[in-house]
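# Examining the three-dimensional arrangement
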Amino acid sequence: MTLALALSCLSVVVVSLLGGLLPLVSTLTHTRLQLYLSFAAGTMLGAAFFHMMPEAVASGSSATLRWAAGGLTALFLLERFFAFHHHEAPASAGPHDHEHHHDHAPHHDHSPPTGTPRARVEAPTLNWTAAAVGLAVHSLIGGVALASAVVTDYATRGGFGAASWGVLLATVVHKPADSLTVVSLMLRARSPQWLAHVVNFGFSLMIPIGVALFLVGMLLLDAPYSASLTASALAFSAGTFLCIALSDLLPELHFHSHDRTKLSVAFLLGLGLMLVSSFGEGDHAHAMEEAHEHEAHELGPPDERD
């Protein structure tokens, strides 16, 4: 299990560093970024619905899903009061994208002046420090999600299973966008490139740190409690995945009517990828239920147990 987690963390660090290099080596227009984010959001939604929540219920109980609501609420409040989940293209829109460019402002003026065309609302520049802190918290939770999925798979299957692959794939797909945002905002603020690379390297380590924190917490608890903690952490992480995915998807319902087909296809491709990768999860859940029933039968009725 340790080797599997180490290799998973290494792959996340690599794609995170590569995502931070994108603003330096290529031009990514707003529309292309949104296509990528739609695909990534589809993978995160699919990971939450097809992998994480079913696994949490199979390892715990249906009541474990309450932690998913807690995860979504906690991340929502974090974004509302501290730093909202935000992605920006590293440069201005290209020649084929200029008509579709828009800014996502925290506060929108929904009523343009009478008799004039709707004016483009200028958004205040997002401070890169706030973005880095907010995305770092997301990444720490992502590390908990990855660790809890792998620990659950090894406890129930004895190996790296579908839930682990689902969470890892969603993380690998979405992580470069976060690094791209941090580096782009730093370069826009005229920070030195070397500093942007240093910050991005530290940011890339947030997933491994989240994994390490979860494993330390597991070691500090007894086995019965650690199993319950793993299921709850997986459900909580699923809620955060839902929040992140929806924060990427929902704003585009208002701003991207012209690209609705392309963005919808990208989203469905990501969701479909997670659905395909979840085949076999149902058999696992059934096996877990049979194991719980067998354990209850061996222990006997509650009044006969010690």
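Identification of the protein as Zinc transporter ZupT from Tautonia plasticadhaerens is taken from an unreviewed UniProt entry. According to UniProt, the comment filed for the protein under the heading Subcellular location (unreviewed entry) is "Membrane".

As a further point, take the overall build of the protein. On a plain count of helices and strands, the protein comes out with eleven helices and zero strands. Sequence-ordered secondary structure for the protein, helices as α and strands as β, is α-α-α-α-α-α-α-α-α-α-α. Expressed as a percentage of the 306 residues in the protein, the buried residues total 45%. Surface exposure of the protein reaches about 15,600 Å², of which carbon and sulfur atoms provide 67%.

Tallied over the full model, the rule gives one aromatic pair. An angle of 75° between the planes, with centres 4.8 Å apart, marks the rings of Phe 160 and Trp 165 as edge-to-face. For Phe 160, a relative accessible area of 23% corresponds to the partly exposed category. Directly above the aromatic system of Phe 203 lies the positively charged group of Lys 175, at a separation of 3.8 Å from the ring centroid.

Right, let's talk about the UniProt feature "transmembrane region" (unreviewed entry) in the protein for a bit. Within this numbering scheme, the UniProt entry marks residues 33–52, 128–148, 194–221, 227–251 and 263–280 as carrying the feature "transmembrane region" (unreviewed entry). Measuring from the first to the last C-alpha atom of residues 33–52 gives 26 Å, for a span that is 100% helix and 0% strand. Annotated as residues 227–251, this span is 92% helix and 0% strand, and its ends, taken at the C-alpha atoms, are 37 Å apart.

This next bit is on unusual backbone geometry. Note: most residues except glycine have negative phi, and most peptide bonds are trans. In this model, Arg 190 sits at a positive phi of 65°, which is unusual for a non-glycine residue. Inspection of the secondary structure assignment puts Arg 190 in the loop between helix 5 (162–188) and helix 6 (193–204). With a relative accessible area of 77%, Arg 190 lands in the exposed category.

Met 52, Leu 146, Val 167 and Phe 241 are the most contacted members of the largest nonpolar core, which totals 39 residues. Only helix 1 (2–25), helix 2 (30–59), helix 3 (66–81), helix 4 (128–156), helix 5, helix 7 (206–219) and helix 8 (223–249) provide two or more residues apiece to this core. Looking at this core element by element, the count peaks at ten residues for helix 8. Contacts of Leu 146, omitting those with residues within four sequence positions, involve Leu 5, Ser 8, Ser 164, Val 167, Leu 168, Ile 207 and Val 211.

In the predicted model, the protein carries a mean pLDDT of 76, and 73% of its residues have values of at least 70. A low-confidence stretch, residues 291–299 stays under pLDDT 50, and its non-local contacts, those more than four residues away or across chains, total four contacts.

Okay, the packing of helix 2 against helix 10 (residues 260–277) next. Where helix 2 contacts helix 10, the two axes come as close as 7 Å, and the packing angle between them is 30°. In terms of orientation, helix 2 and helix 10 fall into the roughly parallel class. For the pair helix 2 and helix 10, the sense of crossing is right-handed. For the pair formed by helix 2 and helix 10, the contact residues are Thr 31, Gln 34, Leu 35, Ser 38, Phe 39, Gly 42, Thr 43, Leu 45, Gly 46, Ala 47, Phe 50 and His 51 on the first element and Lys 262, Leu 263, Ala 266, Phe 267, Leu 269, Gly 270, Leu 271, Leu 273, Met 274, Leu 275 and Ser 277 on the second.

Basis of the calculations
- Residues numbered from 1 in each chain as written.
- Predicted model: local features only at pLDDT ≥ 70, side-chain atom pairs only at ≥ 80, totals over all residues.
- Heavy atoms only, no water.
- UniProt positions renumbered as here; feature names shortened; annotations may be inferred.
- Helix = DSSP H or I, 4+ residues; strand = E, 2+ residues; numbered from the N terminus.
- Buried < 20%, exposed > 50% of the residue type's maximum accessible area, 1.4 Å probe, protein only.
- Areas by Shrake-Rupley, 256 points an atom, 1.4 Å probe, with all protein chains shown as cover.
- Phe/Tyr/Trp six-rings, centres within 6.5 Å; stacked < 30°, edge-to-face > 60°.
- Lys NZ or Arg CZ within 6 Å of the ring centre and 35° of its normal.
- Core = buried A, V, L, I, M, F, W, Y, C linked by side-chain atoms within 4.5 Å.
- Contact = heavy atoms within 4.5 Å.
- pLDDT = per-residue confidence, 0-100.
- Axes fitted to C-alpha atoms, helices over the stretch in contact; angles between N-to-C directions.
- Parallel < 35°, antiparallel > 145°, perpendicular 65-115°, else oblique.
- Left-handed = near helix turned anticlockwise from the far one by under 90°.

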